[in-house]
Amino acid sequence: MSQIKYSEIKNAAWTSFLLFLVFAAFASCAKMDDNGDLGGQWQLTEWRDKATGAIKATNETGIYYAFQLELMQMRRIDKGYYYLARFYNRGDSLLLGDIYSWGKELAETEGGVGNGTTEKKAEPAELTDDFGVSPDGKFAIETLNSSTLVLSNEQVRLKFRKY
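Because the structure is predicted, anything quoted here is derived from the model rather than measured. (Residues numbered from 1 in each chain as written. Predicted model: local features only at pLDDT ≥ 70, side-chain atom pairs only at ≥ 80, totals over all residues. Heavy atoms only, no water.)

## Focus: the side chain of Ser93
Here is step 1: Mapped onto the elements of the fold, Ser93 is located in strand β6 (residues 93-102).
Here is step 2: Since its relative accessible area comes to 17%, Ser93 is described here as buried.
Here is step 3: What Ser93 contacts, discounting residues up to four positions off in sequence, is Tyr88, Phe139, Ala140 and Ile141. (Helix = DSSP H or I, 4+ residues; strand = E, 2+ residues; numbered from the N terminus. Buried < 20%, exposed > 50% of the residue type's maximum accessible area, 1.4 Å probe, protein only. Contact = heavy atoms within 4.5 Å.)

Set out below in structure tokens:
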């Protein structure tokens, strides 16, 4: 049986102490997410056009909304880019602030090689066809609980499940 040397114990203790300090530093700087049931990732299960009643997308389309702190991410699995927006939860409504696309120029060029642009300011109207966002960037919150989110505007009704 080999003996454990004092120097090995001392090194292990110092390593553990340093790891503890690193984790403590990150934990003390972390912001608390106070979004309640809204926080986390949501998968679209049904996108219904209010005017015609037609279903434009289902869970097979791969549309996801994610909420963390004050940021909302909108992405589609079949697209090579996504949108980030600052959002404001008013309890019965959701308002989008500044919206940015990441990687759109790269994804839209041949072979995925573009001019290197990764961030671009966007307008809510750019998200209408891909994500159901109205031109004014406003949604009514019809339902919100730990498993279901239903958002609507004048044009569409979007149902999500917590993912």
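## Details of unusual backbone geometry
Here is step 1: Of note in the backbone geometry, Leu69 takes a positive phi value of approximately 50 degrees without being a glycine.
Here is step 2: Among the structural elements, Leu69 can be located in the loop between β3 (63-68) and β4 (71-76).
Here is step 3: Judged by its relative accessible area of 32%, Leu69 is partly exposed.

## Some remarks on the environment of Pro135
Here is step 1: The residue Pro135 is located in the loop between α3 (128-131) and β8 (138-144) in this model.
Here is step 2: Remark: the alpha-carbon pair of Pro135 and Ala125, spanning 10 residues in sequence, is separated by 4.3 Å.
Here is step 3: The residues touching Pro135, leaving out its near neighbours within four places in the chain, are Pro124, Ala125, Thr128 and Gln155.

## Some thoughts on the environment of Ala122
Here is step 1: Counting through the fold element by element, Ala122 comes out in strand β7 (residues 119-122).
Here is step 2: Along the backbone, Ala122 and Asp98 are 24 residues apart, and their C-alpha atoms lie at a distance of 7.7 Å.

The analysis is restricted to geometry; functional conclusions fall outside its scope.
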